[in-house]
Amino acid sequence: MRKKVYSLLSMAFFLILFSGAGWAAADPEIEAVYKRVVKEIPGVSKELLAGAKKEGKLMIYHLVWKEAIHEMIKEFKKKIPFIEVDTFMASGGPMHLKFTSEVRSGRAVADLWQHTAPNETDKAAREGLLLNYVVASDGAFPADMKNKGWWYPPAPHLIGVAWNTKLVSDKEAQILKSWDGIVDPRWSGKCAMLDIIAGGTGHLPYYFFDKEKGADFWKKLQTQKPLIFSGIMPESERLAAGEFSVILHALELGPVTQWKKGAPVRWYFPEPALNIPVTQAISKIAPHPNAAKIWQEWTMTAEAQTLFSKHTGFAPARPGAPDVREVVKQAWYYSPKKFYQYKWEDIERELPRLKEKFKQSFR
Amino acid sequence: MGKWFGPLTAFIFLLISTLILLPLIFLVFGAFWSGGPGEKGASFTWKNIHLVYLSGSYLSPLMNTLKIAFLTMVTAVPFGALLAWILARTNVPCRKLLELLIIIPIFISPLIGALSWIALGAPRSGFVNVIWTRFLGQSQNLMNIFSLSGIVFVMFLYFVPYAYLFVVGALKNMDPNIEDASRMLGGGILTTLRRVTFPLIKPALYSSALLIFVLSAELFSVPTMLGTPIRIQTIPSNIYYAVDYGGGMANEAAAAGTMLFWITAGGILIYYRMVRESRRYVTISGKGYQPRIIDLGKGKYIALGVYLFYLLLSVVLPYLSLLLGSFMKYMTPDLSWQLFTLKNYRDLLLPENFLAIKNTLFLAGVGASISVILCILVSFVALRTKNWLGRAVDYLAMLPISIPAIALAVGMLWAYITLPLYLYGTIWILLVAYMTRFLGYGVRIFSSSLVQIDPELEEASRISGASPYRTMWRITTPLLRPAMLSAWTMLFIFFTVEISASILLYTSKSITMSVAMWNFLAMGGSINAFAIGIVQTTIVFIVLAIAHKISGSYAVFVE
């Protein structure tokens, strides 16, 4: 009697199990979505889609490019219609503070987190705040633009030299193609630069100047008497207004934002070009991990990288992804070929000394 | 009294202890910790405290902070008091209109004020300097906003109405017979002002001086925007950098937050001593009176000129620059038709911006109303309860004033995230944060009014058989009506422009106008922020005008 009951129960269990699996496999929406996106988003599987559909939501903590994220979400929804995407936007510091505090206290709010400082994202990975997930496009990114499985770059932060075209002639601007051009005496009292304490984009140039360009370069930089700005946006805005002629090291985001509005600004990338990848990682306690993985997979495809680049104004981070920005059609614009190789650990180690040196030289 | 007020005092003490001490405990903990709460590998450390107090790196920022706060205070308070006296006690023309206009500078947040003055007063590209040099043919610039005097100038313009709001209430509550007596005894206008009026408005002057000193010392936007280019660093700007750029440097921000605490706590203690002396200046007694208006003769036009010049600098020029900038593609003094666009306003037509307006009005309206009730209760307990709990409540309420807003916001974030509070992630957490941050300001307004009310009035009520609660409701509260209006207005504006706590605690569902403005600023520069700044300023102005009109208190405010 007991045997019969067990047999019946086992049969019932397997019936439920298989009918469930059959139902999942036969979900026409998942099938249709899978067929549509499998080539566009190579890493997506039916299981991932089924899990994401069950989750139904995605929360992205993104940096200050709302319009671009909205455009990305529109495109994402066309591909994966059953995931509702919510967003939270902040600049790097507050975002880092909020995300890390939430994950440490077990508050599962964010699925994906973008940040501007790879060293901080690496630290978060080491601390166990991130989920390791290797995207299918992993091989498409060079080693210095990712931390395998922990984070991938939705965009690069390229650092160049920007000038106001009403105050600097095309001929004069030619010397800004080289880093040595920024210490030319003609810019003395007519230039600006970012404070060293203004995040990673402030740290890298001074590390590069100190380590690679030598003491004489630093002295000349000092004699330029630059105005010091706390952020790239107010700095670029003043450049566009004609307050000074040149920004000695400018994150491309600043001048490109002004240029898109029609302001008389241009920029070059002296080589070796300085580049900091923006990072995008999945939270260890992501409430919607499947949806997060799909977003991560999609945003690292060439198609999504091009789209993001088009709406932010950055170059695509993925080598080979088409760069369709308006600015690349301009005769004066060129993309850098040679990049400066560095390690964030080295910058972090040198930072206290560099801050003090900056303070003595420029404050 | 003590018996009756025991439960109320205990309740208020517990409530504000929870609100205020929780974030402060987390902040102090953070100053002695090497990471965030719950961070693996983090441990006790003296590093942050050593860096802030002993390394010398914070000495120059400290001196700059004190210098800016002091200069702002000593310029804004006398000028605000002068304007209050002109508008409350003299026959200056169009008084009612002028009284309404003077609080407009507060609507323009200091951040937007700094940005608009950069557009006006930047040495080579500011509109004022361009007009001065290109059109008026002058060889030298008229002004350089990137300077210490530029910082103090912008802060002076912003803080004058605060001094005005404090002093005008005291002047209107004052029995004019005292001044009449002085004049009958041969005292002229100046002698009466110096010997009679000034001592009577001392509590209000001290309150406004304290408020302005503390607000100036903790303000990061103006010194950061105008001081950084010329290497002027302040403690708030260092804290701002540590939080906004460092992320992982929040512990340094916490330690730096404690540094400003000692300064402002010292200021508060001095303030208490001064107010204690001033409590003998009770001016509201059982007698009825009407404030007397002084005829300035032709001097009224000079007074009007002084007022209008202030209004030109604090409202007209910045507002025009905001308005002009909000229609431009990018900021430049080289104006042409091709430069103008409606895009900055079209960008605002996103659903989330409407949500931001709705949330801001909810937080400011409901929050200010709840806070006014809480502030009255706190002030009443603090001033009318003669035991240690009352004094503790008074000191506790002032504590958040002592901490720079960004550092306090970090403490709030750590506290609200770590503790199992269900408010985190909702709009209510913002309400709690705002109430915590601004409680002390509201309490000071009520305290400076309450010390002017003779306790004899309350005693008479109680002798007639009314309970202390009924006395508070029927006697004290109506006498506090002008203070309630001032406090509500001030808190409404504070809540509307609050950014430091909002940026760390908001979600996509609880976004506010200030956060939206901050985001626009971060994304596209100041012109996008100008557009939302114009919308924010206009909405606040309309809402306040309607609220005052509907409540009937508009008349009280203006009269």
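Residues numbered from 1 in each chain as written. Chains lettered and ligands numbered in written order. Predicted model: local features only at pLDDT ≥ 70, side-chain atom pairs only at ≥ 80, totals over all residues.

Draft legend 1. Structural detail: the overall build of chain B. Within chain B, the secondary structure is distributed over 27 helices and 0 strands. Relative to a compact globule of 559 residues, whose C-alpha radius of gyration would be 24 Å, chain B shows 24 Å and is just as compact. Dimensions of chain B along its principal axes, counting C-alpha atoms only, are 70 × 65 × 50 Å. Per-residue burial over chain B gives 53% buried out of 559 residues. (Helix = DSSP H or I, 4+ residues; strand = E, 2+ residues; numbered from the N terminus. Rg over C-alpha atoms; globule rule 2.2 N^0.38 Å. Buried ≥ 20, exposed ≤ 12 C-beta atoms within 10 Å, placed from the backbone.)

Draft legend 2. Structural context of the pairing of strand β7 (residues 191-194) of chain A. Both faces of β7(A) are covered, namely the face carrying Cys191(A) and Met193(A) and the face carrying Ala192(A) and Leu194(A). Of the crossover connections in this fold, the one passing from β7(A) over helix α8 (residues 200-223) of chain A to the parallel strand β8 (residues 227-229) of chain A is right-handed. (Right-handed = clockwise from strand over helix to strand, strands pointing away.)

Draft legend 3. Region of interest: the pairing of strand β10 (residues 265-268) of chain A. All names here are of chain A. Side chains Val 265 and Trp 267 of β10 all project onto a buried face; the interleaved residues Arg 266 and Tyr 268 project onto the opposite face, where all are buried too. Here strand β6 (residues 156-164) pairs with β10 via 4 bridges, running antiparallel. Bridging from a neighbouring strand, Val 161 pairs with Tyr 268 of β10. (Pairing = 2+ DSSP bridges.)

Draft legend 4. The arrangement of unusual backbone geometry in detail. A cis amide bond links Glu271(A) with the next residue in sequence, Pro272(A), at an omega value of 5 degrees. Here Pro272(A) shows up in the loop between β10 and β11 (274-277). Backbone geometry at Lys225(A) places phi at a positive 45 degrees, although glycine is not the residue there. Among the structural elements, Lys225(A) can be located in the loop between α8 and β8. You will see that Arg231(B), though not glycine, has its phi angle at about 65 degrees, which is positive. The topology assignment puts Arg231(B) in the loop between α12 (221-227) and α13 (235-246).

Draft legend 5. Spatial organisation of the packing of helix α3 (residues 46-55) of chain A against helix α11 (residues 289-299) of chain A. All names here are of chain A. Viewed as axis vectors pointing N to C, α3 and α11 meet at an angle of 120 degrees, and their least axial separation amounts to 7 Å. In terms of orientation, α3 and α11 fall into the oblique class. In this structure, α3 crosses over α11, and the sense of that crossing is left-handed. Contacts between α3 and α11 involve Leu 48, Gly 51, Ala 52 and Glu 55 from the first element and Asn 290, Ala 291, Lys 293 and Ile 294 from the second. Residue composition of the contact of α3 with α11, by class: 4 nonpolar, 2 polar and 2 charged. (Axes fitted to C-alpha atoms, helices over the stretch in contact; angles between N-to-C directions. Parallel < 35°, antiparallel > 145°, perpendicular 65-115°, else oblique. Left-handed = near helix turned anticlockwise from the far one by under 90°. Contact = placed C-beta atoms within 7 Å. Nonpolar A, V, L, I, M, F, W, Y, C, P; charged D, E, K, R; others polar.)

Draft legend 6. Geometry of the domain arrangement of chain A. The assigned domain composition of chain A is domain 1 (30-155 + 278-312) and domain 2 (157-276 + 333-362). Across the side of domain 1 of chain A that touches domain 2 of chain A, the residue classes tally to 3 nonpolar, 3 polar and 1 charged. (Domains from an automatic or database assignment.)

Draft legend 7. The arrangement of the packing of helix α21 (residues 455-463) of chain B against helix α22 (residues 468-479) of chain B in detail. All names here are of chain B. Between α21 and α22, the shortest axis-to-axis distance is 9 Å and the interhelical angle comes to 130 degrees. In terms of axis orientation, α21 runs oblique to α22. Our pair here, α21 against α22, has a crossing hand that is right-handed. Across from Leu 457, Glu 458, Ser 461 and Arg 462 in α21, the residues of α22 making contact are Pro 468, Thr 471, Arg 474, Ile 475 and Thr 476. Here the contact of α21 with α22 is built from residues that sort into 3 nonpolar, 3 polar and 3 charged.

Draft legend 8. Fine view of the interface of chain A and chain B. Listed by partner, the interface residues are 49 residues for chain A and 44 residues for chain B. Ranked by residue count, the leading element in the side of chain A that touches chain B is helix α5 (residues 92-104) of chain A, at 10 residues.

Draft legend 9. Geometry of helix α20 (residues 427-450) of chain B. Residues and elements named next belong to chain B. Its 24 residues place the ends of α20 33 Å apart at the C-alpha level, agreeing with the 34 Å of an ideal helix rising 1.5 Å per residue. Along α20, the largest kink reaches about 50 degrees and is centred on Phe 438. Among the 24 residues of α20, 21 are classified as buried, and the element is accordingly described as predominantly covered. (Expected span 1.5 Å × (residues − 1). Bend = angle between axes of the 7 residues up to and from the residue.)

Draft legend 10. A look at the environment of Cys375(B). All names here are of chain B. Within the fold, Cys 375 resides in helix α17 (residues 351-384). Residue Cys 375 is classed as buried on the basis of its C-beta count, with 29 C-beta atoms lying within 10 Å. Dropping the residues within four chain positions of it, Cys 375 is found in contact with Leu 439, Gly 442, Val 443, Phe 446 and Ala 487.

Draft legend 11. Seen up close, the confidence of the model for chain B. Residue and element names in this part refer to chain B. In this model, chain B carries a mean pLDDT of 84, and residues with pLDDT of at least 70 account for 93%. Helix α3 (residues 59-89) holds the highest mean pLDDT among the elements of chain B, 93, whereas helix α27 (residues 553-558) holds the lowest, 42. pLDDT under 50 marks residues 554-559. Its contacts with residues more than four places away, or in other chains, come to 10 contacts. Complex prediction metrics read pTM 0.85 and ipTM 0.81. (pLDDT = per-residue confidence, 0-100.)

Draft legend 12. Region of interest: the nonpolar core. Residues Ala163(B), Val167(B), Ile212(B), Ala253(B), Val378(B) and Val410(B) are the most contacted members of the largest nonpolar core, which totals 293 residues. There are two domains that each give this core at least three residues, and those are domain 1 (30-155 + 278-312) and domain 2 (157-276 + 333-362) of chain A. (Core = buried A, V, L, I, M, F, W, Y, C linked by C-beta atoms within 7 Å.)

Draft legend 13. The environment of Tyr152(A), seen in detail. Residues and elements named next belong to chain A. Mapped onto the fold, Tyr 152 is located in strand β5 (residues 151-152). Between the C-alpha atom of Tyr 152 and that of Gln 280, which follows or precedes it by 128 residues, the distance is 5.4 Å. Sequence-distant contacts of Tyr 152, that is, excluding residues within four places in its chain, are made with Val 135, Phe 141, Lys 146, Gln 280, Gln 296 and Met 300.

Draft legend 14. The arrangement of helix α7 (residues 127-135) of chain B in detail. Residues and elements named next belong to chain B. Every buried residue belonging to α7 is among Phe 127, Asn 129 and Val 130, and all of these are buried. Around the axis of α7, the buried residues are gathered within 155 degrees of arc, so they sit on the same side. Next to the buried residues of α7 lie α6 (110-121) and α15 (299-326). Positive backbone phi, at 70 degrees, marks Gly 137, one or two positions downstream of α7. (Arc of directions from axis to C-beta.)

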